[in-house]
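Notes for the structure review
Each chain, letter by letter, is given below.
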Amino acid sequence: EQPRFDIAAELDGIGFAASERRPGVRGFSGLLRANRLGGRLEMRSRDVSIALPEYIPQPIDIDYADGTVIWRSTDHHTTVLSDSIRVGNTVFDSQVNVQLTLDGDGGAPAIDLASEWSVTDIAALTGYIPQKIVKPKLYNWFQSALLAGSIPNGKTVLAGPLDKFPFDNDEGQFLLEASVRNLT
């Protein structure tokens with residue numbers, strides 16, 4: 001039998017340090033309710049910093065992160081979903097709907113994600129490119145090629161089993177659309 005627990009907490013400016021392979025966060029706020037069957041996290045954060053040292057050398061400062069994430073667990077899988085997470089700062093704004101299913105038997109996670117976003121300064125976006133997973137020539141090209149411009153509206157769709165990404169055999173869908181202005 002699985003252990004029973006019930007937790008409810010108001011989170012105010014919490015954080016944890018990053019390590020080489022684990023992300024870190026500073027300044028996270030919200031409400032958390034959880035038990036062994038699932039839970040709910042209501043994000044209400046301002047001035048958050050996210051560290052992803054395995055991918056990006058500098059922390060990402062987030063002006064706001066708002067939304068609700070719900071998860072449900074059974075013996076066979078866990079489903080994490082949100083109808084609206086909004087995250088942004090002076091460089092970007094993003095609104096995301098997502099459902100992620102984690103297979104309890106070790107199978108690949110499946111995702112259904114739709115995002116609408118904008119970028120106010122493409123040159124500042126280069127600091128968000130994960131140098132450790134992008135091939136060096138492509139990374140260097142991004143750093144020198146994206147000098148100015150904006151993306152007033154963009155759209156991303158990612159749907160399917162994540163172990164099949166980028167879905168070369170039509171196992172899922174990956175779509176990235178953007179309207180770019182004054183790109184140099």
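Here is a short report on the structure shown in this document. Predicted model only: the values in this text are computed from it and were never measured. (Residues numbered from 1 in each chain as written. Predicted model: local features only at pLDDT ≥ 70, side-chain atom pairs only at ≥ 80, totals over all residues. Heavy atoms only, no water.)

Looking now at the nonpolar core. One finds Phe28, Leu41, Met43, Ile62 and Val119 to be the most contacted residues of the largest nonpolar core, which totals 20 residues. Going through the elements one at a time, strand 2 (24-35), strand 3 (38-51), strand 4 (60-73) and strand 7 (110-119) are the ones with two or more residues in this core. If one sorts the elements of this core by residue count, strand 4 sits on top with 4 residues. If we skip the residues at most four places from it in the chain, Leu41 touches Leu11, Phe28, Leu31, Leu32, Gly67, Thr68, Val69 and Trp71. Ranked by size, the runner-up nonpolar core spans 6 residues in total, among them Val96, Val98, Ile111 and Leu158. (Core = buried A, V, L, I, M, F, W, Y, C linked by side-chain atoms within 4.5 Å. Buried < 20%, exposed > 50% of the residue type's maximum accessible area, 1.4 Å probe, protein only. Helix = DSSP H or I, 4+ residues; strand = E, 2+ residues; numbered from the N terminus. Contact = heavy atoms within 4.5 Å.)

The 9 strands lie next to each other as 1-2-3-4-5-6-7-8-9, forming an open sheet whose pairing is antiparallel. On the outer flanks of this sheet lie strand 1 (6-16) and strand 9 (173-181), each paired with one strand and no other. Ignoring strand direction, the axes of neighbouring strands in this sheet form an average angle of 10 degrees. Pairing between strand 6 (residues 92-103) and strand 7: 10 bridges, direction antiparallel. Bridge pairing in strand 7 places Val96 opposite Ser115. (Pairing = 2+ DSSP bridges. Axes fitted to C-alpha atoms, helices over the stretch in contact; angles between N-to-C directions.)

Here we come to unusual backbone geometry. A cis amide bond links Phe165 to the next residue, Pro166, at an omega of 15 degrees. For Pro166, the location among the structural elements is in the loop between strand 8 (150-161) and strand 9. Phi is positive for Asp170, which is not a glycine, with a value near 60 degrees. Here Asp170 shows up in the loop between strand 8 and strand 9. Given the relative accessible area of 70%, Asp170 is considered exposed.

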